[in-house]
Amino acid sequence: DAKTTQPPSMDCAEGRAANLPCNHSTISGNEYVYWYRQIHSQGPQYIIHGLKNNETNEMASLIITEDRKSSTLILPHATLRDTAVYYCIVRFHRNSGGSNYKLTFGKGTLLTVNP
Amino acid sequence: GAGVSQSPSNKVTEKGKDVELRCDPISGHTALYWYRQSLGQGLEFLIYFQGNSAPDKSGLPSDRFSAERTGGSVSTLTIQRTQQEDSAVYLCASSPRLAAFSGNTIYFGEGSWLTVV
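Reference entry: report on the structure contained in this document.

Rules behind the numbers
Residues numbered from 1 in each chain as written. Chains lettered and ligands numbered in written order. Predicted model: local features only at pLDDT ≥ 70, side-chain atom pairs only at ≥ 80, totals over all residues. Heavy atoms only, no water. Buried < 20%, exposed > 50% of the residue type's maximum accessible area, 1.4 Å probe, protein only. Helix = DSSP H or I, 4+ residues; strand = E, 2+ residues; numbered from the N terminus. Pairing = 2+ DSSP bridges. Disulfide = S-S within 2.5 Å.

### Notes on the pairing of strand E3 (residues 19-24) of chain B
Residue and element names in this part refer to chain B.
- Residues Val-19, Leu-21 and Cys-23 point to one face of E3 and are all buried, whereas Glu-20, Arg-22 and Asp-24, pointing to the other face, are not buried.
- In terms of strand pairing, strand E1 (residues 5-7) meets E3 through three bridges, oriented antiparallel. Bridge assignment links Ser-7 to a residue of E3, and that residue is Arg-22.
- As paired strands, E3 and strand E7 (residues 75-79) are joined by five bridges and run antiparallel to one another. Of the residues in E7, the one forming a bridge with Cys-23 is Ser-75.

Put into structure tokens, the structure is as follows:
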């Protein structure tokens, strides 16, 4: 799976948009970008995923650059409960075998939402 | 149930004892994963089950670790002769089908916190 690079930590004011960047310059054409988050003492929680088009759901928006070498997760109105470690993961999507079913977690970005 | 269920939620055991951790995946999910997370560390893949296929055990750290999945549903992770370095939260996850094929997501349980004293 392609390696991702994220800043180790970020701060955001409550009510403001949180923009979390991720670089994945070695991503290949059949790899998806996934975002998960882990709130302290809980299991990871799926947020959103995409291939090349921007995606939006009730939790967040995912903006993927045209060359797919980077992406940004946007939490439009961050709350204190959004304080968590956010993981950006890229993973193969293909119809053959291999170990492409795993999610390989890096160190992520610790987002702290301040009052 | 609505989500992935794990038990026990907390376990304290003496060094050298065996422990069993249980995972109930989401109903209908054919793929099941075990991960481990030590204090302050990232998630470490342990093992993966998919239907009746041979599991991927490549992440198991030693032969003291083993896992079974009976009837394609419930899974048990067993740690024999526990050591202090085994102290971690053990996370189970499940997916509707081979997530790589369809981009489906993987859903995690709350974890079993193991402390070896």
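After presenting the structure, the write-up continues.
### A look at the state of the cysteines
- Applying the stated rule across the entire model yields two disulfides over all chains.
- Residue Cys22(A) pairs covalently with Cys88(A) via a disulfide, S to S 2.1 Å. Its torsion about the S-S bond being -80 degrees, the disulfide of Cys22(A) and Cys88(A) is classed as left-handed. Linking Cys22(A) in strand E2 (residues 18-23) with Cys88(A) in strand E8 (residues 84-92), this pair joins segments that are 66 residues apart in sequence.
- Overall, Cys88(A) belongs to the buried group, its relative accessible area being 1%.
- With its sulfur 1.9 Å from that of its partner, Cys23(B) forms a disulfide with Cys92(B). On the sign convention where negative means left-handed, the S-S torsion of about -70 degrees between Cys23(B) and Cys92(B) marks this disulfide as left-handed. One end of the pair, Cys23(B), is in strand E3; the other, Cys92(B), is in strand E8 (residues 88-95), with 69 residues separating them in the sequence. Taken individually, Cys23(B) and Cys92(B) each receive the classification buried, so the pair is uniform in this respect.

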